[in-house]
Amino acid sequence: MAEETENENNLVPAENRIVPINIEDQMKAAYIDYSMSVIVSRALPDARDGLKPVHRRVLYGMLDLGVTSGKPYKKSARIVGDVLGKYHPHGDLSVYDTMVRMAQNWSLRYPLVDGQGNYGSVDGDPPAAMRYTEARLRKIAEELLADINKDTVDFQLNFDDSLTEPTVLPTRIPNLLVNGSSGIAVGMATNMAPHNLTEVIDGTIAYIDNREIEISELMTYVKGPDFPTGGLIYGYHGVREAFETGRGRVVMRARAEIETTKSGKEVIIVTEIPYQVNKSDMIKRTADLIHEKKIEGISEIRDESTKEIRIIYEIKRDANANVVLNNLYKYTSLQTSFSVNNIALVKGRPMLMNLKDMIHEFVEHRHDVVIRRTKFELAEAEKRAHILEGYLIALDHLDEVIKLIRASDTPEDARVGLMERFGLSDIQARAILDMTLRRLTGLERDKIKEEYAELMKTIEYLKEVLADEGLRMKIIKDELLEVQEKYGDERRSEIVHSAEDMRMEDFIDDEEVVITISHNSYVKRTPLTEYRRQGRGGKGAIGSSTRDEDFTEHIITASAHNYLLLFTEAGRCFWLRAFEIPEGSRTSKGRALQNIINIPKDEKIKAYINVKNLKDQEYLENNFIIMCTKKGTIKKTSLEAYSRPRANGINAININEGDQLLEATLTSGTSEIVMALRSGRAIRFNEETVRPMGRTATGVRGITLASETDEVVGMISVNDQETTVLVVSEKGYGKRTDIEDYRITNRGGKGVKTINVTEKTGELVAIKGVTDENDLMIINKSGIVIRIGVESLRVMGRATQGVRLITLKDNDEIASITKVDHQDEEEETLIEGSEENTTENDSSSAENEEQE
């Protein structure tokens, strides 16, 4: 017998019971199991209700214990014990700390627990022990638990399989966005910012109305995080990045005001601090920095905070408060950042979520809750209706029912008799037997009929809800609006834009500017208002003090935000924003263009086009650039070909040897072109006779030169009959002529006389299309500028000599002419002695100067 027992105990030898395994594989498997447990069951929130298991268990435990918002407070130790014993088998401090944080109005944007007693402070003071404090649920927390008893969510067994707990709460509030979350798992972490409930609900409703909504549109509703401690969100770039990608760095600043006391001293008063900043630690660190002389200009720091934060920084009399405040932002926690990392569990897996993803998960969860709740309510209504139908049958045959019951020996006989006699179900028969005698009165019978009629309406409505998704979405929206009305509030954190949010043009006023380019390629921009108008014949104002043998060659009027397309004599095109040109006074020399754009040193700017926008595709495709060369070649290309700026420029036109690009103009495709020669002839033809070509083409003949020494001086495009043609000669004479005086001819002809060229006038130097609404800016080679109104020049015949526009000294000549928009300013003389240029003398001799 003993031998048999020994054999039973040693069925398997000891050495065979040891299973050899690879320790590396075992470590990997164990660590993966551990990390997944931490990720799923501890550190990351669920995307649907925004809660980690411990938060969910505390809230459900409090509901289970009956400490709702309308009931008396219960000791925190009682609540913690209940949650530990039933649902969360971990340390009591982990549960208490969770409950405390949910009660702190500086930790959660919308606290979920109503605490009574010492729950800590924003200075980092710990809460009182759990035996001293009390708690209950807040009203808003009950919205997270609403309808939990209506089979709206799945339940799972607790740690010892004795009870069930919810896997998620059927929340009416988008809690993940509203209260945020933070946690460190294994290999990943989450840090989600809180947001404003009103804004989040507006965004959620906008998403329900349009599932294809873009994140940029959602951001018009959800402006950015809204921290419980208020403060400023400094800069929007990080907010936008967080909403679009799920990751971003939000810079937070304290709300600080600079005030002057009665004694005349300046003080900085801080009334709101950044989220999660320990106030007392911040003040201590600031004091240390002042002691170390890293921050200067502060004579005293006082913390005058009560329930409201109030920190006073007294500024020394010789210090600048703004500079001190900027140093405080730089070196202390008055400015800090919140690194958004929106990782939450979606169907049990960690996922990085953008704003739309988070709203989507909440709406899908809410939709599931509404379906499950409706099915539950329908089943309950149908159960009740079934019983009421039994009652109605019994009431219709009341005497017979009473007789049958009285004749039965046992309740079981009565139940079977009722079922057989009236075709009732077991539930109906039992309900009839349980009826009280008062239900047989006339009033009670009417109540049963009314209840049944109401129930049938409810059942019909619930079936409609289950059949119609649109109706379910309306229910979700209505419930959200109800929550918004109850708990919605104003933003606490103000969003202010920082320097990095700003594009360069945001710092530049979009004013009208004059851009001047000199013969030796020096460039500057000057506000247009610096150039005042003068009467015709004035001597002008000094436009720039040019370098030796240099003079201003181009005067461009533009808006500061415009693009300039600059064309070199060799036919290359470069881009420049007007505000990128250094600003200079009217008399400054400017800056070398080669220092601003990558233009070859041996090339000069010959033409420019002022373009408002290079992004509008329709504008690009329906506008053209027409270029002409000194030898009379003309070329037309779509503006779209020049809409992609490159640092080193592009080839705009192929230039033949011995030729140069002279002019470029922007047209709509239906303009008329006028080209003028130095010899005083001009040609007019329709733009449509020039077909569009590619960027590298040479072009076609526009005008035939009168001689080998002749050359084109300019080209204009005309779109309306109001435009008159202005021509100017090198000795300062000019005139306006109706466009109709130039007959339309074929492209490539010799043209007609446009000005009577004499020794007195000199050869033609410029042609412009002008109206009475324009002013002229004329600059000569010595740098003198004059601005005159075009309306002061009367329209003359095509072959006349014209009138004097500018009085030239010695052998000076006109270098450049441009037209600008007319400004109603009083005419004034800008340099001393210009009144000697009496307009009276000019006007009296004007008629004599006109010649056929």
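It should be emphasised that the depicted structure is a prediction, and the values quoted were computed from it without experimental measurement.

Cut-offs and rules
- Residues numbered from 1 in each chain as written.
- Predicted model: local features only at pLDDT ≥ 70, side-chain atom pairs only at ≥ 80, totals over all residues.
- Heavy atoms only, no water.
- Helix = DSSP H or I, 4+ residues; strand = E, 2+ residues; numbered from the N terminus.
- Expected span 1.5 Å × (residues − 1).
- Buried < 20%, exposed > 50% of the residue type's maximum accessible area, 1.4 Å probe, protein only.
- Contact = heavy atoms within 4.5 Å.
- Polar contact = N/O pair within 3.5 Å; in protein donor to acceptor, adjacent residues only side chain to side chain.
- Pairing = 2+ DSSP bridges.
- pLDDT = per-residue confidence, 0-100.
- UniProt positions renumbered as here; feature names shortened; annotations may be inferred.
- Salt bridge = Lys/Arg side-chain N within 4 Å of Asp/Glu carboxyl O.
- Arc of directions from axis to C-beta.
- Patch = residues over 30% accessible without salt bridge, like charges linked within 9 Å, V, L, I, M, F, W, Y side chains within 5 Å.
- Areas by Shrake-Rupley, 256 points an atom, 1.4 Å probe, with all protein chains shown as cover.
- Lys, Arg positive; Asp, Glu negative; His and termini not counted.
- Charge placed at Lys NZ, Arg CZ, Asp CG, Glu CD.
- Phe/Tyr/Trp six-rings, centres within 6.5 Å; stacked < 30°, edge-to-face > 60°.
- Lys NZ or Arg CZ within 6 Å of the ring centre and 35° of its normal.
- Core = buried A, V, L, I, M, F, W, Y, C linked by side-chain atoms within 4.5 Å.
- Axes fitted to C-alpha atoms, helices over the stretch in contact; angles between N-to-C directions.
- Parallel < 35°, antiparallel > 145°, perpendicular 65-115°, else oblique.
- Nonpolar A, V, L, I, M, F, W, Y, C, P; charged D, E, K, R; others polar.
- 1 Å grid on protein atoms, 1.4 Å probe; cavity = no way out; pocket = protein on both sides within 12 Å on 5 of 7 lines; lining within 4 Å.
- Points joined across faces, edges and corners; volume = space filled by probe spheres on them.

## A closer look at helix 8 (residues 197–209)
So, step 1. Here helix 8 spans 18 Å end to end across 13 residues, near enough to the 18 Å set by a 1.5 Å rise per residue.
So, step 2. Counting buried positions along helix 8 gives 10 out of 13 residues, so the element sits mostly inside the fold.
So, step 3. Along helix 8, the residues classified as buried are Leu197, Glu199, Val200, Ile201, Gly203, Thr204, Ile205, Ala206, Tyr207 and Ile208.
So, step 4. Looking at the buried side of helix 8, the elements it contacts are helix 7 (175–179), helix 9 (215–218), helix 13 (355–396) and helix 18 (469–487).
So, step 5. Two to three positions downstream of the cap, the backbone nitrogen of Thr198 sits 3.0 Å from a side-chain oxygen, assigning the N-cap of helix 8 to Asn196.

## A few points about the sheet that holds strand 25 (residues 605–611)
So, step 1. Sheet architecture is open: four strands sit in the order 25-22-23-28, paired in antiparallel fashion. On the outer flanks of this sheet lie strand 25 and strand 28 (650–651), each paired with one strand and no other.
So, step 2. Relative to strand 23 (residues 572–577), strand 22 (residues 563–568) runs antiparallel, the two being bridged by five bridges. Note on strand 23: the bridge partner recorded for Leu564 is Leu576.

## Description of the confidence of the model for the protein
So, step 1. Averaged over the protein, the pLDDT score is 85; the fraction of residues at 70 or greater is 90%.
So, step 2. Mean pLDDT values for the elements of the protein range from 36 in helix 20 (residues 839–849) up to 97 in strand 3 (residues 134–137).
So, step 3. In this model, residues 1–9 is a region of pLDDT below 50 whose contacts with residues beyond four sequence positions or in other chains number zero contacts.
So, step 4. Contacts for the low-pLDDT stretch residues 824–852, under 50 throughout, to residues beyond four places or in other chains number 51 contacts.

## Some details on the UniProt feature "active site" (unreviewed entry) in the protein
So, step 1. Here the UniProt feature "active site" (unreviewed entry) sits at Tyr132.
So, step 2. Within the fold, Tyr132 resides in the loop between strand 2 (113–116) and strand 3.

## Describing the pattern of salt bridges
So, step 1. The final tally for this structure, using the stated rule, is 53 salt bridges.
So, step 2. Between Arg302 and Glu304 there is a salt bridge; the shortest N-O distance is 3.1 Å.
So, step 3. With a relative accessible area of 26%, Arg302 lands in the partly exposed category.
So, step 4. Classification of Glu304 by relative accessible area gives partly exposed; the value is 34%.
So, step 5. Ionic pairing is found between Glu687 and Lys636, a salt bridge with its closest N-O pair at 3.4 Å. Here the residue Glu687 occupies a position in the loop between strand 31 (681–686) and strand 32 (700–701), and Lys636 occupies one in strand 27 (residues 633–638), the gap between them amounting to 51 residues.
So, step 6. The network of salt bridges with shared partners includes Glu143, Asp147, Lys150, Arg172, Arg366, Arg373, Glu377, Glu479, Glu482 and Lys486.

## A look at the sheet that holds strand 36 (residues 752–753)
So, step 1. Sheet architecture is open: four strands sit in the order 33-30-31-36, paired in antiparallel fashion. Each of the sheet's edge strands pairs with one partner strand only, and the pair in question is strand 33 (712–718) and strand 36.

## Focus on helix 12 (residues 321–331)
For an α-helix, 3.6 residues make a turn, and residues three or four places apart therefore share a direction.
So, step 1. Restricting attention to buried positions, one finds in helix 12 the residues Ala321, Val324, Leu325, Leu328 and Tyr329. Down the axis of helix 12, the buried set is contained in an arc of 140 degrees. They therefore lie on one face.

## Considerations on a negative patch on the surface
So, step 1. A contiguous patch of negative charge on the surface is contributed by Glu460, Glu464, Asp468 and Glu469.
So, step 2. Inspection of the secondary structure puts Glu469 in helix 18.
So, step 3. By relative accessible area, Glu469 is classed as partly exposed at 42%.

## Re the packing of aromatic side chains
So, step 1. This model, assessed by the stated rule, comprises seven aromatic pairs.
So, step 2. Three or more aromatic residues joined by ring pairs form one cluster here, namely Tyr60, Tyr87 and Phe155.
So, step 3. A cation sits over an aromatic face here: Arg253 above Tyr329, 3.9 Å from the ring centre.
So, step 4. Taking NZ or CZ as reference, Lys636 lies 4.8 Å from the ring centre of Phe624, over its face.

## As for a positive patch on the surface
So, step 1. A cluster of basic residues, Arg681, Arg743, Lys750 and Lys753, forms a positive patch on the protein surface.
So, step 2. Here Lys750 is to be found in the loop between strand 35 (733–738) and strand 36.

## Observations regarding the nonpolar core
So, step 1. Residues Leu59, Met62 and Met99 are the most contacted members of the largest nonpolar core, which totals 79 residues.
So, step 2. Apart from residues lying up to four places away in sequence, Leu59 is in contact with Leu51, Met102, Leu112, Leu137, Ala141, Leu144, Leu145 and Leu169.
So, step 3. Grouped together as the second largest cluster of nonpolar side chains are 23 residues, Ala385, Val401, Met435 and Leu455 included.

## Looking at the pairing of strand 13 (residues 311–315)
So, step 1. Burial runs high along strand 13: five of the five residues are buried.
So, step 2. Two strands pair when backbone bridges link them, and strand 11 (residues 266–272) and strand 13 are joined in this way by four bridges, in the antiparallel orientation. Residue pairing across strands places Ile268 opposite Tyr313, the latter belonging to strand 13.

## Details of the packing of helix 8 against helix 13
So, step 1. Interaxial distance between helix 8 and helix 13 falls to 10 Å at its minimum, and their mutual angle equals 75 degrees. One finds that helix 8 runs roughly perpendicular with respect to helix 13. Side by side, helix 8 and helix 13 meet where Gly203, Thr204, Tyr207 and Ile208 of the first sit next to Lys356, Ile359, His360, Phe362 and Val363 of the second.
So, step 2. When the residues that make up the contact of helix 8 with helix 13 are grouped by side-chain class, the tally is five nonpolar, three polar and one charged.

## Some points on the environment of Asp399
So, step 1. Looking at where Asp399 falls in the secondary structure, it is placed in helix 14 (residues 398–407).
So, step 2. Sequence separation of Asp399 and Leu620 is 221 residues, and the distance between their C-alpha atoms is 93 Å.

## Quick notes on the environment of Glu657
So, step 1. Note on placement: Glu657 falls in the loop between strand 28 and strand 29 (661–667).
So, step 2. For the pair Glu657 and Ala570, spaced 87 residues apart in the sequence, the C-alpha separation amounts to 9.8 Å.

## So, the side chain of Glu663
So, step 1. Tracing the backbone through its elements, the reader meets Glu663 in strand 29.
So, step 2. When sequence neighbours within four positions are dropped, the list of residues in contact with Glu663 reads Ala607, Ile626, Met627, Cys628, Gly714 and Met715.

## Details of the layout of surface pockets
So, step 1. Its volume calculated, the largest pocket comes out at about 1,200 Å³.
So, step 2. Contributing to the lining of the largest pocket are 34 residues, with Thr557, Tyr608, Asn610, Thr665 and Lys819 lying nearest its centre.
So, step 3. Residue assignment for the lining of the largest pocket shows that the elements contributing at least two residues are strand 21 (552–559), strand 25, strand 29, strand 33, strand 37 (764–770) and strand 41 (814–821).
So, step 4. A per-class count over the lining of the largest pocket returns 14 nonpolar, 13 polar and seven charged.

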